[in-house]
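Results of the structural survey
This is what each chain is made of:
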Amino acid sequence: MDTLQTAEPRRISTGWRSPGRLLVILALILIFSVAVSICLGSAPSSIAEVWHAIFQPSGSTMDVTITQIRMPRTASGIIVGACLGVAGMVIQGHSRNPIADPGLLGINQGAALAIVAVTAFSGPLGYLPQALLAFAGAFLASVLVFLIGSASRNGATSVTLVLAGAAVTAVCGGIVSAIALLNEDSLETLRFWQVGSLAGRHDILGYLWPFILAGLLLALFNASALNGLALGEDSARSLGISVAGARTVGILAVTLLAGSAVTMAGPIAFAGLLVPHLARFLAGSDYRWLMPTAALCGAAILLLADTAGQVIARPGELSAGVVLAVIGAPFFVILARRRRLMKL
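What you see is a predicted model, and the numbers here were worked out from it, not measured in a lab. (Residues numbered from 1 in each chain as written. Predicted model: local features only at pLDDT ≥ 70, side-chain atom pairs only at ≥ 80, totals over all residues. Heavy atoms only, no water.)

Looking at the overall build of the chain
A count of helices and strands for the chain gives 14 helices and zero strands. For the chain, the succession of helices and strands along the chain, N to C, is α-α-α-α-α-α-α-α-α-α-α-α-α-α. Nonlocal contacts in the chain, meaning residues at least 24 apart in sequence, comprise 75% of its contacts between residues at least 6 apart. Summed over its atoms, the accessible surface of the chain is roughly 15900 Å², and 68% of this surface lies on carbon and sulfur atoms. (Helix = DSSP H or I, 4+ residues; strand = E, 2+ residues; numbered from the N terminus. Contact = heavy atoms within 4.5 Å. Areas by Shrake-Rupley, 256 points an atom, 1.4 Å probe, with all protein chains shown as cover.)

Section: the packing of helix α4 (residues 61–95) against helix α11 (residues 243–265)
Relative orientation of the contacting elements α4 and α11 amounts to 150 degrees, with a least axis distance of 9 Å. Taken together, the axes of α4 and α11 lie roughly antiparallel to each other. With respect to the hand of their crossing, α4 and α11 are arranged in left-handed fashion. On α11, the residues touching Ser76, Ile79, Val80, Cys83, Leu84, Val86, Ala87, Val90, Ile91 and His94 of α4 are Ala246, Arg247, Gly250, Val254, Leu257, Ala258, Ala261, Met264 and Ala265. (Axes fitted to C-alpha atoms, helices over the stretch in contact; angles between N-to-C directions. Parallel < 35°, antiparallel > 145°, perpendicular 65-115°, else oblique. Left-handed = near helix turned anticlockwise from the far one by under 90°.)

Regarding the environment of serine 242
Turning to its location among the elements, serine 242 is positioned in the loop between α10 (233–238) and α11. Residues serine 242 and leucine 229, spaced 13 residues apart in sequence, show a C-alpha to C-alpha distance of 9.8 Å. Of note is the side chain of serine 242, whose polar atom sits 3.1 Å from the backbone nitrogen of glycine 245. (Polar contact = N/O pair within 3.5 Å; in protein donor to acceptor, adjacent residues only side chain to side chain.)

Here we look at the packing of helix α12 (residues 271–283) against helix α13 (residues 287–312)
Helix-helix packing: each pair is described by the crossing angle between the helix axes and the interaxial distance. Running from N to C, α12 and α13 point in directions that differ by 125 degrees, and their axes come no closer than 8 Å. Relative to α13, α12 is oriented oblique. Crossing geometry of α12 relative to α13 is assigned as right-handed. On α13, the residues touching Val275, Leu278, Ala279, Arg280, Leu282 and Ala283 of α12 are Tyr287, Leu290, Thr293, Ala294, Cys297, Gly298 and Ile301. Of the residues in the contact of α12 with α13, the class split is 10 nonpolar, two polar and one charged. (Nonpolar A, V, L, I, M, F, W, Y, C, P; charged D, E, K, R; others polar.)

A look at the nonpolar core
The biggest cluster of nonpolar side chains holds 80 residues, and the ones touching the most others in it are Val80 and Met291. Counting five residues, the second largest nonpolar core, distinct from the first, contains Ile38, Cys39, Val50 and Ala53. (Core = buried A, V, L, I, M, F, W, Y, C linked by side-chain atoms within 4.5 Å. Buried < 20%, exposed > 50% of the residue type's maximum accessible area, 1.4 Å probe, protein only.)

Let's talk about the confidence of the model for the chain
Scored by pLDDT, the chain has a mean of 81; 86% of the residues are at 70 or more. This stretch, residues 1–8, has a pLDDT under 50; its non-local contacts, to residues over four places away or in other chains, come to three contacts. Within the model, pLDDT remains below 50 along residues 10–14, and this stretch shows 16 contacts once partners closer than five positions in the same chain are excluded. (pLDDT = per-residue confidence, 0-100.)

Considerations on the side chain of serine 33
Relative to the elements of secondary structure, serine 33 occurs in helix α2 (residues 19–39). Once you skip the residues sitting within four places of it in the chain, serine 33 turns out to touch Ala300, Leu303 and Leu304.

Right, dumping it as structure tokens:
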């Protein structure tokens, strides 16, 4: 009984960091990020110009830029960021590994490889086939990582899962690079599947939204089981939690969310690593609050990274994946060196 009491998920319920107030504050930050994303870009625009483009459009170049390029791009950033944040939270919870994320465990690269391999040999694909291939690649990669990581005598541990993920990521990334080099006609298109970007793929949302919604609902449904698994598998079983069932739901959620994110924006790395740690710092350890916190944080961070990439490299742009890699790599080093951050 004492063990269960000491392991109860930590809830922050005073001041501005109470769960309800925290979500309101994060929602306001996300609104600010949306405004920044729409107003800034290869050419800055004022609030008045944005208002005119939305409510009094005249067909000017700025109106078209705002309504047909920036707003859809911003919507993609919100959805992709939320998917990656929640997917990272789920996979860290199940692996009990603070450096796990869909990118580091090979899931993003597995989804990208499935699309690239078929595209290289069959030509351009429609959005729905791309989505289905991404789900298949993400699922196979996640299953492969857990199988390899569980092959040791002690079963799946944080170390074996990271090593297995690194191996799967390296293999999938190497094959993607080889295909891109061998297929020169498709080099520019295939480059998207190596770095990722929010530009120009918002139309695919019409095909993906059922999968995204299903993934988010599965993640929320999985939250209570993750609270139990945080106590250890034996304790979770004593609480009536089916560990195998919880793992299955978690893998399905990560597959749908990571596969959807890769289909929309390519294999953007580090979002799934950074966001869960920020969410855990803000919201404590109760996964019922961590899931919405991770979704809001992920959306805001990806939008700000995408905007920063456009502002830094004007008149061109750095993809959000590159910006997050520059930010995420030092964070990864700091995380590895600070033991107190390694505890989930």
